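One-letter residues, chain by chain:
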Amino acid sequence: MVFHLFIITFAAMKRTIGFILSILSVVYVSAQRIDVQCEDTCTHIHGIDLSHYQGKVFWETIGDNTKMAFVYLKATEGGDRIDQTYEQNIQLAHQNGLKVGSYHFFRPKTELQKQLENFKTQCRPGDQDLIPMIDIETKSGLSDSAFCDSLFRFLDMIEKTYRQKPLLYTGRNFYNKYLAGRINDYKLMIAMYTDEPPVLCDERDYIIWQYTAKGRINGINTHVDKSRFMGRHSLREIRYRH
C-alpha cells in the first residue's frame, strides 16, 4: 500500500515538474521574441534620438552596433533651455562613427528670435552631418491660425540661418489635426508607435518613421526612441549641405 502511494506521488511530482518546465519554456521563448527588434529583422536604415533623459550613454558600444546609422540629439528647447548632455553626446557620437543631427523643441508662444539664438548656440554648422530638425508637439494653447503663423515664421528663420529647410518631427495625430496640407515643402519624421507604418490623412509621403519610444540598445540603460527610413529614402536626403 505504501509502495503504491509512493508510485502515485512520484507520478504526480513528474507531472508537476513537467508542467513547470513547459511554463518556463514558454516564458523563455516569449522573452526571446521580446528581444527581437525591428532592426534585427529588416534592412531599413535605423537611427535613434537622444536627450538628457537617457542619462549616460556608452557611445563606444553604440558605435559597435552598426545597425544604428544616425542619431538626432536634443540641443535646445524654447528660448533658454539647453540640453545638458548635448555637447558631450555630439562629440562622442562623431568619434564613434554615427551621422549626427541636432533638434530644437519648438515652443509656439516663446519669442521666435530668442528660440533661434538659443538653437544657434548649440547647433553649429561645422558639427552637423544632418539637417536641423524641429520638434513640433504642442500648440501651447494658441489658436490654429496663431500656432501656424508662429511655426511658419520660425521655420523660415531656421531656413535662412542654415540655408536649408529643416526636417520636421511630429506625431501622426498632431500632423493630421493641425499640419496636413500646410507643410508640403518640408521633409517629415512621423512618430507613431504601432506595428504598421502610419498613414497620414492627406496621404503625404514621409521619409522617417519613429516607430517606438521604448526601444532597447546596448550602451543605453533606459528606453530610447528608434526610427527607420521608409522605402527607398536614405540618409543622403537629410545630409547637411556645408
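Note that the structure is a prediction, hence the values are computed from the model and not measured.

Counting residues in hydrophobic clusters, the biggest one holds 47 residues, and the most contacted among them are L50, W59, V71, F147 and L179. Sorting elements by how many residues they give to this core places helix α6 (residues 144-162) first, with 8 residues. Counting 15 residues, the second largest nonpolar core, distinct from the first, contains I131, M189, I207 and I208.

Turning our eyes to something else, we now look at the side chain of T85. Inspection of the secondary structure assignment puts T85 in the loop between β3 (81-82) and α4 (86-95). In this structure the side chain of T85 is engaged in a polar contact, spanning 2.5 Å, whose partner is the side chain of D83. Sequence-distant contacts of T85, that is, excluding residues within four places in its chain, are made with S51 and H52.

We now examine unusual backbone geometry. Even without being a glycine, S140 presents a positive backbone phi close to 55°. Assignment of secondary structure puts S140 in the loop between β5 (133-135) and α6. Exposure remark for S140: the relative accessible area of 22% places this residue in the partly exposed category. Although it is not a glycine, E203 adopts a positive phi angle of roughly 60°. Structurally, E203 is set in the loop between β7 (188-191) and β8 (208-217).

This part covers helix α7 (residues 172-179). Taken residue by residue, α7 has F174, Y175, Y178 and L179 as its buried positions. Seen from one end, α7 has its buried residues packed into an arc of 100°, which puts them on one side. Opposite the buried face of α7, at more than 90 degrees from it, the exposed residues are N173 and K177. Elements in contact with the buried residues of α7: α6, β6 (167-171) and β7. Just downstream of α7, G181 is the residue with a positive phi angle, here 80°.

The next thing to look at is the pattern of salt bridges. Inspection of every chain in the model, using the stated rule, returns 10 salt bridges. D127 is paired through a salt bridge with R124; the nearest N and O atoms lie 3.3 Å apart. Among the ionic contacts, a cluster of salt bridges with common partners joins K74, E77, R81 and R107.

What follows covers the environment of Y162. For Y162, the position within the fold is in helix α6. Taking C-alpha positions, Y162 is 9.2 Å from Y240, a pair spaced 78 residues apart along the chain. Ignoring sequence-local partners within four residues, the contact set of Y162 consists of F119, K120, C123, P125, P132 and Y240.

The subject of this paragraph is the packing of aromatic side chains. Aromatic rings considered in pairs are described by the distance between their centres and by the relative angle of their planes. Counted under the stated rule, the structure contains 7 aromatic pairs. Here F147 and Y178 contribute two aromatic rings whose centre-to-centre distance is 6.4 Å and whose plane-to-plane angle is 70°, an arrangement assigned as edge-to-face. Residue F147 is found in helix α6, and its partner Y178 is found in helix α7; the two are separated by 31 residues along the sequence. Like F147, the residue Y178 is buried in the burial classification. An aromatic cluster is built from F147, F174 and Y178, whose rings are joined through pairwise contacts. Across the ring face of F58, the terminal group of K56 is positioned such that the distance to the ring centre comes to 5.3 Å. Geometry around Y186 places K165 over its ring, the cationic atom sitting 4.6 Å from the centre.

The next point concerns the confidence of the model for the protein. Where the model shows low pLDDT, its predicted coordinates should not be examined in detail. Averaged over the protein, the pLDDT score is 88; the fraction of residues at 70 or greater is 82%. Contacts from residues 21-35, a stretch scored under 50 in pLDDT, to residues over four places away or in other chains number 1 contact.

What follows deals with the environment of N176. Mapping N176 onto the fold places it in helix α7. Accessibility expressed as a relative area gives 24% for N176, which makes it partly exposed. C-alpha of N176 to C-alpha of V199: the two residues are 23 residues apart in sequence and 9.7 Å apart in space. Ignoring anything within four residues of it in the chain, the contact list for N176 reads V199, L200 and C201. Within the structure, the side chain of N176 is placed 2.9 Å from the backbone nitrogen of C201, a separation counted as a polar contact.

Time to look at the packing of helix α5 (residues 112-122) against α6. Following both chains from N to C, one finds α5 and α6 inclined at 40°, their axes separated by 10 Å at the closest point. Between α5 and α6 lies a crossing whose hand is right-handed. Within the contact between the two elements, α5 uses L112, Q113, Q115, L116, F119 and K120 and α6 uses S150, R153, F154, M157, I158, T161 and Y162. A breakdown of the residues in the contact of α5 with α6 according to their chemical character gives 7 nonpolar, 4 polar and 2 charged.

The rules we used
Residues numbered from 1 in each chain as written. Predicted model: local features only at pLDDT ≥ 70, side-chain atom pairs only at ≥ 80, totals over all residues. Heavy atoms only, no water. Core = buried A, V, L, I, M, F, W, Y, C linked by side-chain atoms within 4.5 Å. Buried < 20%, exposed > 50% of the residue type's maximum accessible area, 1.4 Å probe, protein only. Helix = DSSP H or I, 4+ residues; strand = E, 2+ residues; numbered from the N terminus. Polar contact = N/O pair within 3.5 Å; in protein donor to acceptor, adjacent residues only side chain to side chain. Contact = heavy atoms within 4.5 Å. Arc of directions from axis to C-beta. Salt bridge = Lys/Arg side-chain N within 4 Å of Asp/Glu carboxyl O. Phe/Tyr/Trp six-rings, centres within 6.5 Å; stacked < 30°, edge-to-face > 60°. Lys NZ or Arg CZ within 6 Å of the ring centre and 35° of its normal. pLDDT = per-residue confidence, 0-100. Axes fitted to C-alpha atoms, helices over the stretch in contact; angles between N-to-C directions. Left-handed = near helix turned anticlockwise from the far one by under 90°. Nonpolar A, V, L, I, M, F, W, Y, C, P; charged D, E, K, R; others polar.

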